[in-house]
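Summary of structural features
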Amino acid sequence: IGPQGSALSAFGTAIYRDSLYIAGSQGLMVAPLLQNLNLQDFNSWSVVSSSVGLPTSQMRHVAVWNGSLWAATAQGLLYFYNDVWQFSQNQTGSTIRSIDISGDRMLITAAGGVFEWLDDGSFRGLNLGVPDPSNAIFHRNAYWVADRQKGLLRFRGNATDLLSPRGPVTDQ
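Residues numbered from 1 in each chain as written. Predicted model: local features only at pLDDT ≥ 70, side-chain atom pairs only at ≥ 80, totals over all residues. Heavy atoms only, no water.

1. Some thoughts on the overall build of the protein chain
Assigned secondary structure in the protein chain consists of zero helices and 16 strands. A sequence separation of at least 24 residues applies to 33% of the contacts in the protein chain between residues at least 6 apart. (Helix = DSSP H or I, 4+ residues; strand = E, 2+ residues; numbered from the N terminus. Contact = heavy atoms within 4.5 Å.)

2. Here's the deal with the sheet that holds strand S11 (residues 113–117)
Read across the sheet, four strands follow the order S9-S10-S11-S12 without closing on themselves; strand pairing throughout is antiparallel. Since the sheet does not close on itself, it has two edges, and those belong to strand S9 (96–102) and strand S12 (123–126), each with one partner. Pairs of neighbouring strands in the sheet enclose a mean axial angle of 25°, with direction left out of account. One ladder, built from five bridges, connects strand S10 (residues 105–110) with S11; its direction is antiparallel. (Pairing = 2+ DSSP bridges. Axes fitted to C-alpha atoms, helices over the stretch in contact; angles between N-to-C directions.)

3. Section: the sheet that holds strand S2 (residues 19–24)
Strand order in this open sheet of four strands is S1-S2-S3-S4, and the pairing throughout is antiparallel. Of all strands in the sheet, those with a lone pairing partner are strand S1 (10–16) and strand S4 (46–47), marking the two edges. Of the pairings in the sheet, the one linking strand S3 (residues 27–32) to S4 comprises two bridges and is antiparallel in character. Opposite Val-30, over in S4, you have Ser-46 as the bridge partner.

4. Digging into the environment of Asn-66
Structurally, Asn-66 can be placed in the loop between strand S5 (61–65) and strand S6 (68–72). The spacing of Asn-66 and Ile-101 is 35 residues in sequence and 9.6 Å in space, taken between C-alpha atoms.

5. Examining the pattern of salt bridges
Oppositely charged side chains may form a pair once their charged atoms are brought near each other. Under the defined criterion, the tally for this structure stands at six salt bridges. Residue Asp-83 is joined to Arg-17 by a salt bridge in which the shortest nitrogen-to-oxygen separation is 2.6 Å. Separated by 66 residues along the polypeptide, Asp-83 in the loop between strand S7 (76–81) and strand S8 (84–89) and Arg-17 in the loop between S1 and S2 bring together distant segments of the chain. Its salt-bridge partner being Asp-132, residue Arg-97 comes within 2.5 Å of it at the nearest N-O pair. You can see Arg-97 sitting in strand S9 and its partner Asp-132 sitting in the loop between S12 and strand S13 (133–139), a full 35 residues away along the chain. Among the residues examined, Asp-132 registers a relative accessible area of 16% and is labelled buried. (Salt bridge = Lys/Arg side-chain N within 4 Å of Asp/Glu carboxyl O. Buried < 20%, exposed > 50% of the residue type's maximum accessible area, 1.4 Å probe, protein only.)

6. Regarding the pairing of S7
Buried residues dominate S7, accounting for five of its six residues. Sheet topology note: the S6/S7 ladder contains four bridges and is antiparallel. Across the sheet, the residue bridging to Ala-71 is Leu-78, located in S7.

7. Some words on the confidence of the model for the protein chain
Mean pLDDT over the protein chain: 83, with 87% of residues reaching 70 or higher. S8 is the least confidently modelled element of the protein chain, averaging 77 in pLDDT, while strand S14 (residues 142–147) averages 93, the highest of any element. (pLDDT = per-residue confidence, 0-100.)

8. What to know about the side chain of Asp-100
Assignment of secondary structure puts Asp-100 in strand S9. The side chain of Asp-100 is buried and forms no salt bridge, while Arg-148, the nearest opposite charge, is found at 11 Å. Of the polar contacts made by the side chain of Asp-100, one reaches the side chain of Ser-98; its length is 2.7 Å. There is a polar contact of 3.2 Å between the side chain of Asp-100 and the side chain of Asn-135. Ignoring sequence-local partners within four residues, the contact set of Asp-100 consists of Arg-105, Met-106, Leu-107, Asn-135, Ala-136 and Ile-137. (Lys, Arg positive; Asp, Glu negative; His and termini not counted. Polar contact = N/O pair within 3.5 Å; in protein donor to acceptor, adjacent residues only side chain to side chain.)

9. Brief notes about unusual backbone geometry
A positive phi angle is found at Arg-17, which is not glycine, with a value near 55°. Phi angles above zero are rare outside glycine, and Asp-83 is one such case at about 65°.

See below:
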């Protein structure tokens, strides 16, 4: 679905209102979800351009949270609110690795840790002490974090559980 039908890398998808969004190597792409529209035809897709405040460079994450469409770039978070794109500077101190939606929470992982975007528009770091997180969710009053060094971790109150499957560390 890239230019002239070329292949492109797609890293994330989201449905917002009546459209399908793809975070990919060409930026944020959009196509309306119409019954007879051929989504395999590159002519059905458009790149949400810099004319609306978005970079046309690679985007790796897109999600719907709290009634808004969110996308992440190396520079920060973009969100579509009241039909206008807004920008929030990257406050993580490193490249965003994931945006994960868990009920009413939006969790963001970066090499610097796990962060939460709050309903009031504020941003806070969660002091979980996770050295290299790749994803995080909140479920049943616990934060669950996939970490590149430690594996799967569960944080409930002051308790931390390392959840490692029984078996070899590697298949080698």
